[in-house]
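Coordinate inspection notes
Now for the letters of each chain:
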Amino acid sequence: MMGFPDFEGLAMFAKVAEERSFARAAKALGVSVPTVSRAVSRLENRLGARLFNRTSRQLALTDFGLRLVDRAQRIYAEAEAAENAARELSSQPRGLIRLAVPMVFGRQWLAPILPDFFELYPDVSIDMHMSDAVVDLVGEGFDAALRIAVLPDSSLVAKRLAPVAPFILAAPSYLEKYGSPQHPRELAAHHCLGYAYRPRQDIWRFSNKAGEEEIVVPNGPLRATNSEALIPMALRGLGIVELPEFMAYEYLIDGRLKAILTDWTLPKGAVYFVTPSARARPAKVEALAEFFAARLSHPTWRWPQ
């Protein structure tokens, strides 16, 4: 067994044979003459025969070199064609993108705009994983994700697309029956609906302009891994719910839910486009990032605060 073939040696041998000169081959390949000379000598030693007859003025293939040169040149040409094809693929948006997105955001805000993306980039396809659980992009082989968070994951590359403010909401019928809390600590006596996939435990962190802070652990009849599952309970007047702005907007605008504790705020997050690395990002992923930046950076869900 001779081990892995010496593709570099074969390529440089083919180029020297084509150029009839070590110097011209080195220039064409963008390397030094000694580099080419060493590669050819290494190949000759490996094969146990000389490839060129060298004189001070001439360079000619040996009989052994003549028998090998066609195959070496085919190998070189195939490798060059493969590189060119790969370069073209990486520069044109095409291929599959594995994308992870939060469930409700994906359904409400991404799905309606994706047809526009596919019309712009018909050679791109998307495998969209919709879940509120935070996935391991690298470990699970995702190309990108949309994340809604207070801060992006520091181990990844994150581009901020749009702000997302959280709201504490209750139905008018709930407030009529139980009253409207004026301070976060009063929530301990209320039915608060919980969200299980909160990044930093299921707690509500309040602060106000005076610099006061209050931490509340929501306690009530329902806790779920999807915020959307909490909304029917809130609409029926059975609990207080925290919802991100992009979900709260439609209920605030038609009055089915009311914002409470408006003198207090929760940490404001944002929608981020997240990738494992910003270096050598494929054209397909770059196209998706630019599309999301254009379509999501001025959201219609913004609520006056």
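These remarks concern the structure in this document. (Residues numbered from 1 in each chain as written. Predicted model: local features only at pLDDT ≥ 70, side-chain atom pairs only at ≥ 80, totals over all residues. Heavy atoms only, no water.)

With that out of the way, let us pick up the sheet that holds strand β3 (residues 95-101). As summarised here, the arrangement of the 5 strands in space is β4-β3-β5-β15-β6, forming an open sheet in which the pairing is mixed. Since the sheet does not close on itself, it has two edges, and those belong to β4 (124-130) and β6 (157-164), each with one partner. Direction aside, the axes of adjacent strands within the sheet are offset by 20° on average. Relative to strand β15 (residues 269-275), strand β5 (residues 144-149) runs antiparallel, the two being bridged by 5 bridges. Looking at the pairing, L146 lines up with F273 of β15. Against the sheet, helix α5 (residues 103-110) makes contact with β3, β4, β5 and β15, and its axis sits at roughly 140° relative to β4, the strand it touches most. Contacting β3, β4, β5, β6 and β15, helix α10 (residues 283-296) runs over the sheet at an angle of about 45° to β3. (Pairing = 2+ DSSP bridges. Helix = DSSP H or I, 4+ residues; strand = E, 2+ residues; numbered from the N terminus. Axes fitted to C-alpha atoms, helices over the stretch in contact; angles between N-to-C directions. Contact = heavy atoms within 4.5 Å.)

What follows is about the side chain of K15. Relative to the helices and strands, K15 resides in helix α1 (residues 7-19). Owing to a relative accessible area of 11%, K15 belongs among the buried residues under this scheme. Once you skip the residues sitting within four places of it in the chain, K15 turns out to touch A25, A28, L29 and Y76. (Buried < 20%, exposed > 50% of the residue type's maximum accessible area, 1.4 Å probe, protein only.)

Of note, R20 is a non-glycine position whose phi angle comes to about 60°, a positive value. Along the chain, R20 turns up in the loop between α1 and α2 (22-29). Take R20: its relative accessible area is 48%, and that puts it in the partly exposed class. One non-glycine residue, L261, lies in the positive phi region at around 55°. Within the element layout of this structure, L261 appears in the loop between β13 (258-259) and β14 (264-265). Classification of L261 by relative accessible area gives buried; the value is 8%.

Another aspect to go through is the packing of aromatic side chains. Under the counting rule described, the total for this entry stands at 9 aromatic pairs. A ring pair is formed by F117 and F118, whose centres lie 5.7 Å apart and whose planes are at 70°; its orientation type is edge-to-face. Its relative accessible area of 0% is what places F117 among the buried residues. Assessed through its relative accessible area of 31%, F118 is described here as partly exposed. One cation-aromatic arrangement involves R98 over F142; the distance from NZ or CZ to the ring centre is 4.3 Å. (Phe/Tyr/Trp six-rings, centres within 6.5 Å; stacked < 30°, edge-to-face > 60°. Lys NZ or Arg CZ within 6 Å of the ring centre and 35° of its normal.)

Counting 44 residues, the largest nonpolar core has L146, F273 and F292 as its most contacted members. The leading source of residues in this core is α10, at 8 residues. Leave out the neighbours within four places in its chain, and L146 touches L99, A100, V101, P102, F105, L110, L161, V271, Y272, F273, F292 and L296. Core analysis: the next-biggest nonpolar cluster, separate from the first, contains 21 residues, A17, L43, L59 and A72 among them. (Core = buried A, V, L, I, M, F, W, Y, C linked by side-chain atoms within 4.5 Å.)

Attention now moves to helix α9 (residues 245-253). Among the residues of α9, those classed as buried are E245, F246, M247, A248, Y251 and L252. Positive backbone phi, at 80°, marks G255, one or two positions downstream of α9.

Our next topic: the pairing of β5. The buried fraction of β5 amounts to 5 of the 6 residues, a majority that puts the element mostly inside the structure. Strand direction decides the pairing type here: β3 and β5, joined by 2 bridges, are parallel. Note on β5: the bridge partner recorded for A100 is A145.

By the secondary structure assignment, G65 is in helix α4 (residues 63-91). Among the residues examined, G65 registers a relative accessible area of 0% and is labelled buried. Sequence spacing of G65 and F52 is 13 residues, and the spatial spacing of their C-alpha atoms is 6.6 Å.

This part covers the packing of α2 against helix α3 (residues 33-47). At a minimum axis distance of 8 Å, the contact between α2 and α3 shows a crossing angle of 110°. Relative to α3, α2 is oriented roughly perpendicular. Of α3, the residues touching α2 (which contributes F22, A23, A26 and L29) are V33, V36, S37 and V40. Each residue belonging to the contact of α2 with α3 can be placed in one class, and the counts come to 7 nonpolar, 1 polar and no charged. (Parallel < 35°, antiparallel > 145°, perpendicular 65-115°, else oblique. Nonpolar A, V, L, I, M, F, W, Y, C, P; charged D, E, K, R; others polar.)

All told, the structure shown has 8 salt bridges when counted by the stated rule. R107 serves as the salt-bridge partner of E228, at 2.0 Å between the closest nitrogen and oxygen. Residue E228 is found in the loop between β11 (223-224) and α8 (231-235), and its partner R107 is found in helix α5; the two are separated by 121 residues along the sequence. For E228, a relative accessible area of 27% puts it in the partly exposed group. Look at R107 and you get partly exposed, because its relative accessible area is 41%. Across the salt bridge formed by R256 and E250, the nearest N and O atoms sit 3.7 Å from each other. (Salt bridge = Lys/Arg side-chain N within 4 Å of Asp/Glu carboxyl O.)

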